[in-house]
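Notes for the structure review
Chain by chain, the residues run as shown.
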Amino acid sequence: MTSIAKPKIVHRGLRRNALGLTIRDYEGGMSTLCAGCGHDSVTAAIVQAFFELDIPPHRVAKMSGIGCSSKTPAYFLGASHGFNAVHGRMPSIATGAGAANRDLYLLGISGDGDSLSIGLGQFAHAVRRNLDMLYVIENNGVYGLTKGQFSASADVGSKAKRGEENRQPPIDPVQMAMALGGTFVARSFSGDKDQLVPLIKAGIRHRGFALLDVLSPCVTFNDHEASTKSYAYTREFRHRVVNADFIPPREEIKAAYDEGEVMPIELHDGSRVLLRKISKDYNPHNRGAAIDYIRSHHRAGEIVTGLLYMDEGDPDMHGLNNTSRTPLNELPFEALCPGADALASLQRRFR
Amino acid sequence: MQPTKTDGTEYFHRVVDCQWGCPAHTDVPEYIRLIAQGRFSDAYLLNRTSNVFPGILGRVCDRPCEPACRRGRVEEKPVAICRLKRVAADHRDDVTARLPRAPAQKNGKRVALVGAGCASLTVANDLMPLGYECVIFEALDKPGGLMRTNIPAFRLPAHVLDEEIAYITDMGVDLRLSTPVESMRGLLEQGFDAVFVGSGAPRGKDLDLPGRHDSDRIHIGIDWLESVAFEHVSKIGERVLIIGVGNTAMDCCRTSLRLGASDVKVMARKPRAFFKASDWELEDAEEERVEIVVNHSPKEFVVEGGKLLGMKFDRLEYDIDERGRILDSRVVDEVMIPCDDVVLAIGQDNAFPWIERDVGVEFDKWDVPVVDPVTFESTLPGVFFGGDAAFGPKNIIWAVEHGHQAAISIHRHCHGAPLTERLPRGVNLTSAKMGIHEWSYSNDFDPAARRIMPHVDLKSRFKKLNIEVELGFSAEQVATEVERCLNCDLQTVFTAEACIECDACIDICPVDCLTITPNGEQEEIEARLKTPRLEPDQPLYVSAELKQTGRVMVKDENLCVHCGLCAERCPTGAWDMQKSTLVVPYAVHELAADETGSSEETCHRARRTG
Ligand SMILES: Cc1cc2nc3c(=O)[nH]c(=O)nc-3n(C[C@H](O)[C@H](O)[C@H](O)COP(=O)(O)OP(=O)(O)OC[C@H]3O[C@@H](n4cnc5c(N)ncnc54)[C@H](O)[C@@H]3O)c2cc1C
Ligand SMILES: Cc1ncc(C[n+]2csc(CCOP(=O)(O)OP(=O)(O)O)c2C)c(N)n1
Ligand code: SF4
Ligand code: SF4
Ligand code: SF4
Ligand code: SF4
Ligand SMILES: [Mg+2]
């Protein structure tokens, strides 16, 4: 019998993190996606990021909708919480989970179909309410799970595997999130873990909504020649404008940088994100200019990647709505359910 | 770095660590798979092609393959390669009909072989099927050499030895027992077409300390073991000291226990890390309550009125650095250890009193014959050496490999062909893909620990001298142990042009041995590997530059468990699992090549049929 499950081998080269765990402790079940799917690489990047952040897996809630991308939470962090919502409805479930327990790291995994078609409204409001979560869109320009129909992120002129051409303009989640007041907006590529892993780390530690749009080729339905979301196309037209390095709290900044080129941003927990400008004319702190830049480069056929916009100052949903500091499951019963008298007096106030 | 060359035989052969480590290049993973399928006879015959004595070696081989085995790097203990060989031998059917046979029509060439040890027997095994007339001259009245005279029957039963020697001699070897060769000149005058010297290293080292010649209770290990084997000696005193801590010492101490000794001490000059004996031999001796005493340097035999009272030793203290090397040593004090017998097991020397020094065989300054390490020819054309006689005492499997090589040389010599233009080795590769999610081998990683060999209990085993201690693996143990083998001959073969750099193989590899990285100097690449390079001696594979980014695929072979998942998850088939078969030429292939003129083809064909 041939086995296709990844065996757990604790070999001598395996490192352990501050919790004494190996990276294998951050994996999940065996992937059932097509061999070579970009989504599996995003999974591997998430595994690596949480391992390196020393986050205990059971402190994470993985939220997703429907799609090949939305299946992937089954393949990482096997020892964490998870919820697989109906198509496009993950943001509202995540909002509820976040409101109920501020101590969990919320990690949403969605696809371009899940977020930009059926779930567009949900997605927009999650950005707007600055829900404290990392929201990853594994963007392949198609509905992979339903066999490769164009999604709302398909570019004009991009051709499907059978040859038909997309004529409708794409929705770019990055530009949308910027326009909607998103406080952390990034784009990356499944085939570039050096860029992707620090962005996942920074997004997890960011307070507020962190959008990470990851170009993640569908190797089965959208990796052919005339596709603009293939491995080859993405590699050719990807343009890195700002790199982000994630520095955990109390760790020294070791690398030497040129003054002026590096913008350190301190996060609420003491960790820092170092933004390194690659393009001189790009400013990740100017929302308007950034949108213009991304739009004009898109028109020229370029895909702009990196940590494209970041603002640590804005209040998140918890601040705006004054949610409970203590997770609801830790509140005493009397506080959660103050009884019929309390309800009656509350109702009296609205008479 | 330049792309790694995998087209020769070396790269893929090295990946199969056991086969690379085996002097005779036994195809270990293939015979383990045959055992797993219950094809014991096939496994036996596959073994026999390369190592000639599977039943013997499955019990007493020095097993250099095991320290080399990859499983020992992935977890703690290697696969029990040697004991699985014994499984094939123990459970085989009658294979006589499938053994090589001598042709009725001889080729008219006569070869003299001196000594009936494993080296000469291998030469006969390889030459008889080619029509040679082989005459073996043996001084003793039984064939087998040290395998019979020195390796005790409780490790190697006589019937195993008899059976496998008969497989060779029954081809019609002219075996002349009790016929020592007393003169090389005399032998040469008998007009043989070639002479092979497989007379071993028959002289046990002596220890010339005060008192050495004042008692008859001081024995030379290998001579004493021979006397025991031939039943000239059947008892020993209660307290025995064994001097030396090599494998001979282990056999001497365990034999003493079976001849009536109850207090046996093995006296070592150095600390344990410097012992010559194999770990498993030490374990077996200690299991029998032999005491191993370290840091004692022999000084004097204490003999009074012809009676051996004991031995005096200097007790030593060593300074050892972090890397485990001895920097200095000093004497702490002197002790006297009482005993009834002393057995000296401190090594062997070559001795060729029967070779006249003016006969044309050149001897070097240590009085050892000058022998070519590839052809095994001495400085006298047509006279070859092999086994312990060639480069000093080694072990059975080396003697067998010498025999194979000498047989090739003898054949070439007898046909006037240059000895150095030997057939090359080859590697055949065939894809192991059988269908979607289907590979032709058991690729699952079985985390089971090495099975422990069951032994006869500590009481019964001493009842007789020849009770074999090891019982052999049970069926359940075999079933588990075979799955521990990682199938290292199922090679990961990479096609750079097909790779789309999707990272699927990198992400799935359970031991993180793959990396895609910009090309550069070796140190730069090594610094960027996903897992640090723990064994610099293990091969590093670097691909040609990849199409999309110009980076390279790098594989550190060290820990690869050959699970095939990289190939399983590769969307383009850039990785494939391919079974490699090492093609090792023997004398029989030389013959086939003579006939067809095409060496490589016949080599491959003979391998399949032979
Ligand atoms: C105590 C002991 C234990 C060992 N245990 C192991 C073990 O567990 N595993 C292992 O792999 N190896 C072991 N070895 C080593 C192994 O036995 C030898 O390396 C191997 O037998 C060498 O084979 P050979 O054919 O070169 O010579 P030998 O086996 O020494 O055979 C040489 C033969 O030549 C005969 N001979 C010598 N001179 C003449 C002459 N002039 N005329 C005619 N005949 C002659 C001898 O009588 C002998 O039969 C052990 C060795 C010793 C001493
Ligand atoms: C309510 C509802 N409508 C439609 C579907 C069918 N459906 C399943 S997955 C999917 C699109 C998924 O696309 P995307 O989110 O891009 O995921 P991908 O498979 O490409 O990763 C659709 C339309 C559904 N499951 N539920
Ligand atoms: S269909 Fe596409 S998106 Fe879905 S698993 Fe296969 S490659 Fe990935
Ligand atoms: S695991 Fe099997 S094939 Fe690999 S070195 Fe060990 S015995 Fe040989
Ligand atoms: S076969 Fe492939 S996946 Fe398996 S250990 Fe070797 S390189 Fe890694
Ligand atoms: S899985 Fe195949 S295509 Fe993907 S990176 Fe590995 S070798 Fe290349
Ligand atoms: Mg999609």
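Here is a short report on the structure shown in this document. All values reported here derive from a predicted model rather than from experimental measurement.

**Observations regarding the sheet that holds strand S3 (residues 105-111) of chain A**
All names here are of chain A. Strand order in the open sheet made by the 10 strands is S2-S1-S3-S4-S8-S7-S12-S9-S11-S10, with mixed pairing throughout. The sheet is open, and its two edges are formed by strand S2 (81-84) and strand S10 (262-266), each paired on a single side. Each strand axis lies, on average, 20° off the axis of its neighbour in the sheet, ignoring direction. Across 4 bridges, the pairing between strand S7 (residues 184-189) and strand S12 (residues 303-310) is antiparallel. Paired with alanine 186 across the bridge in S12 is leucine 307.

**Description of the site of ligand 1**
Residue and element names in this part refer to chain B. Residues in close proximity to ligand 1 total 34 residues, the closest being Val60, Glu138, Leu146, Arg155 and Asp388. In this structure, alanine 119 approaches ligand 1 through a main-chain N or O atom, which is 2.9 Å from an oxygen atom. Take aspartate 388: an N or O atom from its main chain is 2.8 Å from an oxygen atom of ligand 1. Compared with its free state, where it exposes 1,000 Å², ligand 1 has 93% of that area covered by protein. Listed by contribution, the elements that provide at least two residues to the shell around ligand 1 are helix H9 (118-127), helix H13 (221-229), helix H14 (247-258) and helix H17 (396-414). Partitioning the shell around ligand 1 into residue classes produces 17 nonpolar, 11 polar and 6 charged.

**Considerations on the interface of chain A and chain B**
The interface is formed by 31 residues belonging to chain A together with 34 residues belonging to chain B. Taken over both partners, the interface formed by chain A and chain B buries close to 2,500 Å², and the fraction arising from carbon and sulfur atoms is 54%. If you sort the residues of chain A by the area they bury against chain B, Thr2, Arg12 and Arg235 of chain A come out on top, with a joint share of 23%. Between the two partners, chain A and chain B, sit 4 salt bridges. Between glutamate 535 of chain B and arginine 12 of chain A there is a salt bridge, with its nearest N and O atoms 3.9 Å apart. The tally of links from chain A across to chain B stands at 17 residue pairs in polar contact (both at pLDDT 80 or more). Elements with a contribution of two residues or more to the side of chain A that touches chain B: helix H1 (38-52) and helix H8 (231-237) of chain A. A per-class count over the side of chain A that touches chain B returns 15 nonpolar, 9 polar and 7 charged.

**Digging into the site of ligand 2**
Residues and elements named next belong to chain A. The environment of ligand 2 is made up of 17 residues, and the closest members are Ser69, Asp112, Gly113, Asp114 and Gly144. Glycine 144 is positioned such that a nitrogen or oxygen atom in its backbone is 2.8 Å from an oxygen atom of ligand 2. Note that an oxygen atom of ligand 2 is positioned 2.9 Å from one of the backbone N or O atoms of leucine 145. Across the complex, the protein chains shield 73% of the 590 Å² of accessible surface that ligand 2 would expose by itself.

**Brief notes about the pairing of strand S19 (residues 490-494) of chain B**
Residues and elements named next belong to chain B. With 5 of its 5 residues buried, S19 lies for the most part within the structure. Covered by surrounding structure in S19 are Leu490, Thr492 and Phe494 together with Gln491 and Val493, the residues of both alternating faces. As paired elements, S19 and strand S23 (residues 575-583) share 5 bridges and run antiparallel to each other. Paired with phenylalanine 494 across the two strands is tryptophan 575, which belongs to S23.

**Let's talk about the coordination of the magnesium ion (ligand 7)**
Only Asp112 of chain A (OD), Asn140 of chain A (OD1) and Val142 of chain A (O) from the protein coordinate the magnesium ion (ligand 7), and they sit 2.1 to 2.2 Å from it. Between consecutive donors of the magnesium ion (ligand 7), the numbers of intervening residues give the motif D-x27-N-x1-V.

**Re the pairing of strand S11 (residues 307-320) of chain B**
As a general feature of sheets, a regular strand has side chains that alternate between the two faces. One ladder, built from 8 bridges, connects strand S10 (residues 296-304) of chain B with S11 of chain B; its direction is antiparallel. When the sheet's bridge partners are listed, phenylalanine 301 of chain B is paired in S11 of chain B with methionine 311 of chain B.

**Overview of the pattern of salt bridges**
Residue and element names in this part refer to chain A. As enumerated under the stated definition, the model contains 65 salt bridges over all chains in all. With a closest N to O distance of 3.3 Å, lysine 229 and aspartate 155 form a salt bridge. Of this pair, lysine 229 sits in the loop between strand S8 (209-215) and H8 while aspartate 155 sits in the loop between strand S6 (149-150) and helix H6 (173-179), placing them 74 residues apart in sequence. By relative accessible area, lysine 229 is classed as buried at 9%. Looking at aspartate 155, the relative accessible area reads 14%, which means it is buried.

**Focus on the packing of aromatic side chains**
Under the defined criterion, the tally for this structure stands at 16 aromatic pairs over all chains. An angle of 40° between the planes, with centres 5.4 Å apart, marks the rings of tyrosine 135 of chain A and phenylalanine 209 of chain A as tilted. One end of the pair, tyrosine 135 of chain A, is in strand S4 (residues 133-139); the other, phenylalanine 209 of chain A, is in strand S8, and 74 residues separate them in sequence. Considering the side-chain rings of phenylalanine 494 of chain B and tryptophan 575 of chain B, the 4.6 Å spacing of their centres and the 50° angle between planes classify their relative orientation as tilted. Placement of phenylalanine 494 of chain B in strand S19 and of tryptophan 575 of chain B in strand S23 is noted, with a sequence separation of 81 residues between them. With respect to burial, phenylalanine 494 of chain B and tryptophan 575 of chain B carry one shared label: buried. Each residue in the set Tyr11, Phe12, Phe494, Tyr541 and Trp575 of chain B is aromatic and connected to the rest through ring pairs, giving one cluster. When the ring centre of tyrosine 44 of chain B is taken as reference, the NZ or CZ atom of arginine 92 of chain B above it lies at 4.2 Å. The ring of phenylalanine 363 of chain B carries arginine 357 of chain B above its face, with NZ or CZ at 3.8 Å from the centroid.

Rules of the game
- Residues numbered from 1 in each chain as written.
- Chains lettered and ligands numbered in written order.
- Predicted model: local features only at pLDDT ≥ 70, side-chain atom pairs only at ≥ 80, totals over all residues.
- Heavy atoms only, no water.
- Pairing = 2+ DSSP bridges.
- Helix = DSSP H or I, 4+ residues; strand = E, 2+ residues; numbered from the N terminus.
- Axes fitted to C-alpha atoms, helices over the stretch in contact; angles between N-to-C directions.
- Near = heavy atom within 4 Å.
- Polar contact = N/O pair within 3.5 Å; in protein donor to acceptor, adjacent residues only side chain to side chain.
- Areas by Shrake-Rupley, 256 points an atom, 1.4 Å probe, with all protein chains shown as cover.
- Nonpolar A, V, L, I, M, F, W, Y, C, P; charged D, E, K, R; others polar.
- Contact = heavy atoms within 4.5 Å.
- Buried area = accessible area lost by both parts, 1.4 Å probe.
- Salt bridge = Lys/Arg side-chain N within 4 Å of Asp/Glu carboxyl O.
- Buried < 20%, exposed > 50% of the residue type's maximum accessible area, 1.4 Å probe, protein only.
- Donors = N, O, S within 2.8 Å, 3.2 Å for Na, K, Ca; no water.
- Phe/Tyr/Trp six-rings, centres within 6.5 Å; stacked < 30°, edge-to-face > 60°.
- Lys NZ or Arg CZ within 6 Å of the ring centre and 35° of its normal.

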